[in-house]
Amino acid sequence: MSSNVQLIKEAYSNFTQGKIPEILQVLTDDVVWTAPDTVPWSKPGGWKGKEGVLEFFQSLNVGAIIHSFHPKTYYLSEDGTGVATVVDVEIENKTNNKKAQLEVCHQFQIRDSKIASFNEVYNTHKIL
């Protein structure tokens with residue numbers, strides 16, 4: 001298994017255990033973090049830097065409840081610097097109490113054994 005895939009698996013494990021400081025440790029200082037703009041816990045243009053990613057997790061905690069989070073597939077790019085994942089997520093929007101089972105795609109770029117960028121893609125209309 002690629003060390004970059006293992007890096008993402010460990011980040012996911014830390015996420016499910018609420019260990020956000022451990023996630024921040026495996027990010028580059030100039031990390032770029034994006035998620036769909038339309039959900040209440042997101043912001044247009046995403047977040048930059050470790051402080052920005054911490055803000056993302058704080059916003060997520062305020063705006064949503066993650067009932068389940070199960071990564072199921074990992075794809076490594078040809079050059080080994082990109083990892084894409086498919087994750088089954090059950091999430092609840094705290095602003096309207098809508099709950100949905102989603103298939104989410106995460107795209108990571110890795111630089112110097114750290115996460116340099118993250119992009120999340122999913123169908124937001126199920127929870128809006």
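All values reported here derive from a predicted model rather than from experimental measurement.

Enquirer: Explain empty space enclosed by the protein to me, please; I cannot follow it from the model alone.
Expert: Empty pockets left among the atoms are what a rolling probe the size of a water molecule brings to light. Under the definition given, this model contains one cavity of 30 Å³ or more. Of the pockets and cavities examined, the largest cavity occupies roughly 280 Å³. F15, F69, H106, F118 and E120 are the residues nearest the centre of the largest cavity, which is lined by 21 residues in total. Ranked by the residues each element gives to the lining of the largest cavity, the list is headed by strand 5 (residues 99–111), at four residues.

Enquirer: Help me understand the pairing of strand 6 (residues 114–121), please; the structure alone is not making it clear to me.
Expert: A regular strand places its side chains on the two faces of the sheet in alternate fashion. Where strand 1 (residues 27–34) and strand 6 come together, four bridges link them in parallel fashion. Across the sheet, the residue bridging to L27 is I115, located in strand 6. Bridge count for strand 5 against strand 6 is seven bridges, and the pairing is antiparallel. Residue Q107 lies in a different strand from strand 6, and its bridge partner there is N119. Remark: two residues form the turn of the hairpin made by strand 5 and strand 6, two consecutive strands paired antiparallel; D112 in that turn has positive phi of roughly 55 degrees.

Enquirer: I would appreciate a short explanation of the environment of S3 in the present structure.
Expert: Relative to the assigned elements, S3 resides in helix 1 (residues 3–16). Look at S3 and you get exposed, because its relative accessible area is 57%. With 110 residues separating them along the chain, S3 and S113 place their C-alpha atoms 8.1 Å apart.

Reading the values: the criteria
Residues numbered from 1 in each chain as written. Predicted model: local features only at pLDDT ≥ 70, side-chain atom pairs only at ≥ 80, totals over all residues. Heavy atoms only, no water. 1 Å grid on protein atoms, 1.4 Å probe; cavity = no way out; pocket = protein on both sides within 12 Å on 5 of 7 lines; lining within 4 Å. Points joined across faces, edges and corners; volume = space filled by probe spheres on them. Helix = DSSP H or I, 4+ residues; strand = E, 2+ residues; numbered from the N terminus. Pairing = 2+ DSSP bridges. Buried < 20%, exposed > 50% of the residue type's maximum accessible area, 1.4 Å probe, protein only.

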